[in-house]
Amino acid sequence: MSGNSNDTSGQGMIVNPKPKADNQDWDGDDADRADRLRFEEEQAMIREQSEARAAAKALAEHKLAERKLAEQKATEAAKNAK
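Report on the accompanying structure. Treat the numbers as computed from the prediction; the structure is a model and nothing was measured.

1. Description of the overall build of the chain
- Of the regular secondary structure elements, the chain holds one helix and zero strands.
- The 82 residues of the chain split such that 2% are buried.

Written as structure tokens, this is what we have:
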């Protein structure tokens, strides 16, 4: 393995090199189920927060559009009154 930062051979790409004896975790044990549940709960919370922010943004944009329309109508009414 070379120390060259331009090396694109894939060397050094192993992120967590554990010996097989230490890596006997299998899908379906209690810890995996708890991790998966926690992850799903976190994803649901993130999704809810994202949806809430999107709804608040849409409401703010709608109110701004209504305000601009009301101002435009008031300006037109003032021009027509002259």
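Right, picking up where we left off after that structure.
2. As for the pattern of salt bridges
- Using the criterion set out here, one finds two salt bridges in the structure.
- Across the pair arginine 33 and aspartate 30 runs a salt bridge whose closest N-O atoms are separated by 2.5 Å. In this pair, arginine 33 and aspartate 30 both sit in helix α1 (residues 30-81), three residues apart, roughly one turn of the helix.
- Given the relative accessible area of 57%, aspartate 30 is considered exposed.
- Among the ionic pairs, aspartate 35 bridges to arginine 38, the shortest N-O distance being 2.7 Å. Note that aspartate 35 and arginine 38 are positioned in helix α1 at a spacing of three residues, about one turn of the helix.
- Given the relative accessible area of 44%, arginine 38 is considered partly exposed.

Quick notes on the rules
- For every chain, the first residue of its written sequence is number 1, and the numbers climb from 1 along that sequence.
- Thresholds applied to this predicted model are a pLDDT of at least 70 for local features of residues and 80 or more for the giving and counting of side-chain atom pairs; totals over whole chains, interfaces and linings are not thresholded and use all residues.
- Remark: hydrogens and water are excluded; side-chain values derive from all non-hydrogen atoms of the structure.
- Numbering of helices and strands starts at the N terminus; helices are DSSP runs of H or I of at least 4 residues and strands are runs of E of at least 2.
- Note on exposure labels: buried denotes an accessible area under 20% of the residue type's maximum, exposed denotes more than 50%, and partly exposed covers the range between, all computed with a 1.4 Å probe on protein chains only.
- One side-chain nitrogen of Lys or Arg within 4 Å of one carboxyl oxygen of Asp or Glu is enough to make a salt bridge.

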